[in-house]
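Below are the chains, spelled out letter by letter.
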Amino acid sequence: QLENYFTKIFGKNLEEMVELSPLTWLPLIPVIALGTSIDLSRDIVSASSANAFESCGEFISNLGFLTVQAGTVAVAVIWGVWNFWKMVEIKNMLIPTLVRDAGGAPGEDTAVLLPPRYEDEQQMAQFNSSPFPVNLIESIWGKPARNIQEQLFGAAGRKGKEIYSNSIKCNVWLVVAQLVFITTQIVARDLSALSQGLPASVREPEMVPLELAVYGFFAALLVGQLWLVPKTFLDFSKVTSIEKFIEADVLTEACLIDGQCEIDLDEDEGEEDFTPNGEGQEVSKRSGEWSGRELMG
């Protein structure tokens, strides 16, 4: 039943991640518009146009364009690394620590499963997932935490799940948009021009090798960022679906599929009771609770 539960959680979160709403694309419009400005200034429709080589070299000689592109790539990479770090830090507080003791007789190593770190008041007091200046940004949309697990999201509080769901989603699409533009509109065009011996239509042939190297480096950074996305997504799904964030409807459906488990979802038996505010059910329960300890199995 545990596998059924997480399969449904991952599927539900993935559906939300890939959904493209106007608000997702809105921040990308200035980036896309800027990216096509150089081509449009030379009446170039796309990188496959007959006169496309005229722009080769100008993507790096135009310092304004280069600065904006470099800044956008830097923001996308730092943003993605931040999402990854935040989810790892929260997950480490929720997941118990497995300590192995090799001091016994040969072949008789033992292991001790320590409780989650968030249960330790001292570690909770020292934990800070919202250092300056990120805490200022999170506090714009955040709300006070209602339980100890929401406190792990720092200044985001009870809005942590919603904020970081949107944060991961927007970051992924920004990275994808930048990567597609850089590889198809700049890198591929420069490679084609070099393979043809830099035709006469190239206005700045001396800049093409440098342009290819710089934007190839940008593309490599973005690919590296995409490599982190699956790990970030899985950690996000875990920290927002265990302990105090167990989703009762998904859990019930997972148990019905399994047909073997009996889990009491009565909130009256829980350690803490919460009233959903239209932001999704949050059920804390003592009987049949699936927690971070299950993830160690």
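Reference entry: report on the structure contained in this document. (Residues numbered from 1 in each chain as written. Predicted model: local features only at pLDDT ≥ 70, side-chain atom pairs only at ≥ 80, totals over all residues. Heavy atoms only, no water.)

All right, on to the side chain of Asp235 then. Counting through the fold element by element, Asp235 comes out in helix α10 (residues 208-239). Taking relative accessible area as the criterion, Asp235 reaches 1% and is therefore assigned buried. (Helix = DSSP H or I, 4+ residues; strand = E, 2+ residues; numbered from the N terminus. Buried < 20%, exposed > 50% of the residue type's maximum accessible area, 1.4 Å probe, protein only.)

Relative orientation and spacing of two packed helices are given, respectively, by the angle between their axes and the distance between those axes. Put simply, helix α5 (residues 63-94) and helix α9 (residues 160-195) touch, their axes get as near as 10 Å, and they point 145° apart. Note on packing geometry: the crossing formed by α5 with α9 is left-handed. Where α5 abuts α9, its residues Phe65, Gln69, Thr72, Val73, Ala76, Trp79, Gly80, Trp82, Asn83, Lys86 and Met87 lie against Tyr164, Ser167, Ile168, Cys170, Asn171, Leu174, Val175, Gln178, Phe181, Ile182 and Ile186. Considered class by class, the residues forming the contact of α5 with α9 number 14 nonpolar, 7 polar and 1 charged. (Axes fitted to C-alpha atoms, helices over the stretch in contact; angles between N-to-C directions. Left-handed = near helix turned anticlockwise from the far one by under 90°. Contact = heavy atoms within 4.5 Å. Nonpolar A, V, L, I, M, F, W, Y, C, P; charged D, E, K, R; others polar.)

Attention now goes to the nonpolar core. With 30 residues, the main nonpolar core has Tyr5, Met87, Ile90, Leu94, Leu152, Phe153 and Tyr164 as its most contacted residues. Mapped by element, the contributors of at least two residues to this core are α1 (2-18), α5, α9, α10 and α11 (248-258). Broken down by element, this core gets its largest block of residues, 5 residues, from α5. (Core = buried A, V, L, I, M, F, W, Y, C linked by side-chain atoms within 4.5 Å.)

For the structure shown, the criterion picks out 7 aromatic pairs. The interplanar angle of 55° and the centroid separation of 5.5 Å between the aromatic rings of Phe59 and Phe65 together place this pair among those described as tilted. Phe65 matches Phe59 in its accessibility class, with the two residues each being buried. When the centroid spacing of 6.5 Å and the interplanar angle of 45° are considered together, the rings of Phe217 and Phe218 count as tilted. Owing to a relative accessible area of 10%, Phe218 belongs among the buried residues under this scheme. Here the aromatic cluster, defined as three or more aromatic residues joined through ring pairs, consists of Phe153, Tyr164 and Phe245. (Phe/Tyr/Trp six-rings, centres within 6.5 Å; stacked < 30°, edge-to-face > 60°.)

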